[in-house]
Amino acid sequence: MTDIARSPGFSRPRLQLPALELDVKLLLPLLVVAVLIAFFSVTTESFATLRNFSTIAGQAGTLLIVCLGATFVILMGSIDLSVGAIVLLVGALTVTVLNLTGIGVWVLPLAALFGAVLGLLNGSVYALSGIQSFVVTLGSLSIFSGVALQLLQGRAIQFSDAAFENLAIGQLIPSLPNIALCGLVAWGVSVLIASRTRFGRYMYLIGGGEQVARTAGVPVRRYKIYAFALSGLLAGLGAALAVARLGAAGPSLGSDLLLNSLAAIVVGGTSLAGGSGGPHRTLIGVLIIAILDNGLNLLGVSSYTQMIIKGAVVIAAVVASRVELRNAVVK
Amino acid sequence: MTQPLLDRTPFFVADGLSKRFGATRVLDGVGFSIPEKSVVSFVGENGAGKSTLFNILSGVVEPDAGTMTLGGKPYRPRHYGDAIGVGVSRVFQEQALVRNIPVYENLLLGQDDGFYRAGQFVDRAAMIAAAQRIADEAGIDVDVRRRTGSYDFSRRQSIEIARACLAPSILGDIAQPLVLLDEPTSALDQRDEDAFFRLVAKVRQRGSLIFVSHRLSEVLSVSDVIYVLKDGALVARLEAGEADERILHSLMVGRERVADYYFEQRQKVTDAQPVAVEVAGLSSPGAYEDISLSIRAGEIVGIGGLLDSGKSRLGKGIAGVEPPATGTVALVGQSPVHPEIGAFIRAGLGYVPAERLVEGIIPSQKLSWNFSLASADLFSNRLGLWRCQAEVEAASRFIGSLAIRSGSPNQPLSKLSGGNQQKVVLARWLQRQPDVLVLDNPTRGVDAGAKEEIYRVIRDLTDRGVAILLITDELLELIGLSNRILILQRGRIAAEFAAPADTKPSERELVAAMLSVPDEPGPHGAAAISTSDPVQYSESAHA
């Protein structure tokens, strides 16, 4: 895990954005990562081992990929509550297709396509109807979950395809599960998209001032749809990899993603108000949530207590970002 | 200051009220007094400081300097609630009624403390009775139990005026209310207007009213005292008997116009130039109606009018930011189309909005991002990759050529002054070398130095043959820059003035054209409303 945190990709955005600004804003989340690692290393014996870090990386892979797409949506000032449900539905579709056709690893692009279509649905309803995104995606959350649970008949469906499983649990780089490697690649691409493409720029502009963007002729509606489609695509990809890692798709797949993805994005420092932050920061947020999950498990904290802690962390992160914002204005 | 009215005790006194917003001084040492039981009016151009004065009096804005006393006691409200507490109430220009609740709840809003029994239970019968008393006293014909939204705009305005005028004295223990009325009659139809003036007379027996209106004849008929505001300072105080419309007009305007400031010697005759924009039959219900105009290459066509004239909406309609209901716009060498901003920008149009902080810039984001906002076609390639290097270089070029002070491409735009922010907005369009520019109040909130630089840029653009539509609240700017001036009144072109460099129209002429009574009723005219009113009437009678 330390390898991930210090991987060269980590410093890449620093070259593209003004160095000073980024360092100050990243300081707090990085400090939290350090404190968490130190705390769990002292309080548990099994935390600071290569084996455990490898486990954390495996657990965090899906969360990272799903969060990246959702980050663009939040950057744009909207919210996608349906990512967990998309993961569940695409996961169910993935095992079904695998068991029916045996196309093996080729199910991965298909899963991404499924996800993108679901995202496209979200985005179209949102952008064309003008209903708030949280309402639209809350509704689609229920719809997607319902379809998925019917597909699964409420049971976990297994599959056996070694090549496909290897996509997630194999280790191209020793001790780094492939699912985490995929996550890092997706992260690199996302950072590039955010900082170096028209799509990325429009996300910042729409989030910072939708009316300004519209007045200047930016096709706001179209790009809103694109953002939700991208969010769905990455959720679909994450779903396929999660299924590959677990060897099955069950009714509880993706159920913790709603809270965890929001928590990771906000803790990383992307503002829910839109217009500031970005996928480069989401990596740190995902680290914080993954370490917290893993460490609390090792400490033997009950999952109910964990829910309480994570909820508090999200609220604290939003409060902290507001304080930061106020300071920025005062300065 | 020894007129007979002042024999009455001054009920409200203001002294040295001043307010700045950034570099702009909006109010400068304004002092006045309001006698007991009187009607005092403030008149002035758009931007003379009337709204800011009202905001200070009602606690919405705090003055930078100055004192106020009400009934002999110091008065310094921190927010509107403080003002209401001591009997100062206000009718805002935008309606502050909740539409989905009955009229009586609106009439008692914020004054309903006396109607709770045992803490939480509402004594509905008592509320309805009290509200009905207010409505009866005000002479407006409403059933207070009906939903507020079921009454038309004019009647709702009456309800709001009745609340401001009567609620403090009927419900509270306010002996002498002070009521601030901001353009109260602009939305009233004839019947409600009569009721309004009866109400004014009634309130005057108890307290005082302050009145702001563009309708000078109305001001003259109701006021005891008239103050004239110009550029944030009081320039005259007149008793009711000694004023007439002509005197008020000349006091409201009449500034020194410096031809050099607007580079008038650079203004060209453009009659022989080809037409660059042809607007035909543009209409948007409730905003403007059947507007046709054309602008030649290198020509500046100015549009003036009061705040409710619809001139800003017209600018948005022509640029396609808020596409009109019907009508077409043809840009140079293209066929007439329904305006749409995205397509128009690619076809060579640029639009500078009036509300800079809401529509013009994203203050929290970088200068270069704000600069390239409308130019994704120039700064990204076919794959959608952004050319960051080219963007920063282009932004730096304009920082130099427009003298955008203390600007660097990576700085958030919020760190720059209003004038320099506006130059960034201009640079956004200059970069695209447009054929047509629509400018809505391009120098609003901009200091004098930056103003002059913006005027120079505008002249440079006309030299290059850019056609410019200039919408502005500033009369001098309108006169100084324009080749031709159109005056809009309630969404229709009411007058057209040629404004060649040597024979510019005067401010007086333009103001008179803005205020004159139109021959035919406009979209908000009496004819439009009276048709719906009898229906309203019978419905409430049977309810």
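Residues numbered from 1 in each chain as written. Chains lettered and ligands numbered in written order. Predicted model: local features only at pLDDT ≥ 70, side-chain atom pairs only at ≥ 80, totals over all residues. Heavy atoms only, no water.

Caption draft 1: Up close: the overall build of chain B. For chain B, the helix and strand inventory stands at 20 helices and 21 strands. Dimensions along the principal axes, computed over C-alpha positions, put chain B at roughly 70 × 55 × 50 Å. Out of the 543 residues in chain B, the part that is buried amounts to 54%. Expressed as a percentage of contacts within chain B between residues at least 6 apart in sequence, the contacts between residues at least 24 apart total 68%. Entry remark: accessible area of chain B is about 22500 Å², with carbon and sulfur atoms responsible for 52%. Of note, chain B has its 58 positive side-chain charges centred 4 Å away from the centre of its 67 negative side-chain charges. (Helix = DSSP H or I, 4+ residues; strand = E, 2+ residues; numbered from the N terminus. Buried < 20%, exposed > 50% of the residue type's maximum accessible area, 1.4 Å probe, protein only. Contact = heavy atoms within 4.5 Å. Areas by Shrake-Rupley, 256 points an atom, 1.4 Å probe, with all protein chains shown as cover. Lys, Arg positive; Asp, Glu negative; His and termini not counted. Charge placed at Lys NZ, Arg CZ, Asp CG, Glu CD.)

Caption draft 2: Local environment of the side chain of T270(A). All names here are of chain A. Inspection of the secondary structure puts T270 in the loop between helix 13 (257-268) and helix 14 (279-299). In this structure T270 comes out as buried when scored by relative accessible area, which is 2%. There is a polar contact of 3.1 Å between the side chain of T270 and the backbone nitrogen of G278. Excluding residues that lie within four positions of it along the chain, T270 makes contacts with T71, I74, L75, I265, S276, G277, G278 and T282. (Polar contact = N/O pair within 3.5 Å; in protein donor to acceptor, adjacent residues only side chain to side chain.)

Caption draft 3: Inspection of the sheet that holds strand 14 (residues 288-296) of chain B at higher detail. Residue and element names in this part refer to chain B. If you walk across this open sheet you meet the 3 strands as 14-13-16, and the pairing is antiparallel. Only two strands of the sheet have a single neighbouring strand rather than two, namely strand 14 and strand 16 (326-331). Ignoring which end each strand starts from, the neighbouring axes of this sheet average 5 degrees apart. Across 5 bridges, the pairing between strand 13 (residues 275-284) and strand 16 is antiparallel. Counterpart to S283 in the pairing with strand 16 is T326. Contacts between helix 9 (residues 311-319) and the sheet are confined to strand 13, strand 14 and strand 16, with strand 13 contributing the most and set at about 115 degrees to the helix. (Pairing = 2+ DSSP bridges. Axes fitted to C-alpha atoms, helices over the stretch in contact; angles between N-to-C directions.)

Caption draft 4: Spatial organisation of the nonpolar core. In this structure, V277(B), I468(B) and L469(B) are the most contacted members of the largest nonpolar core, which totals 166 residues. No other element matches the 14 residues that helix 4 (residues 50-75) of chain A contributes to this core. There are two domains that each give this core at least three residues, and those are domain 2 (258-348 + 434-543) and domain 3 (359-432) of chain B. Contacts of V277(B), omitting those with residues within four sequence positions, involve L293(B), S294(B), I295(B), V329(B), A330(B), L331(B), V436(B) and A467(B). Membership of the second largest hydrophobic core comes to 47 residues, among which are V103(B), Y104(B), L108(B) and A135(B). (Core = buried A, V, L, I, M, F, W, Y, C linked by side-chain atoms within 4.5 Å. Domains from an automatic or database assignment.)

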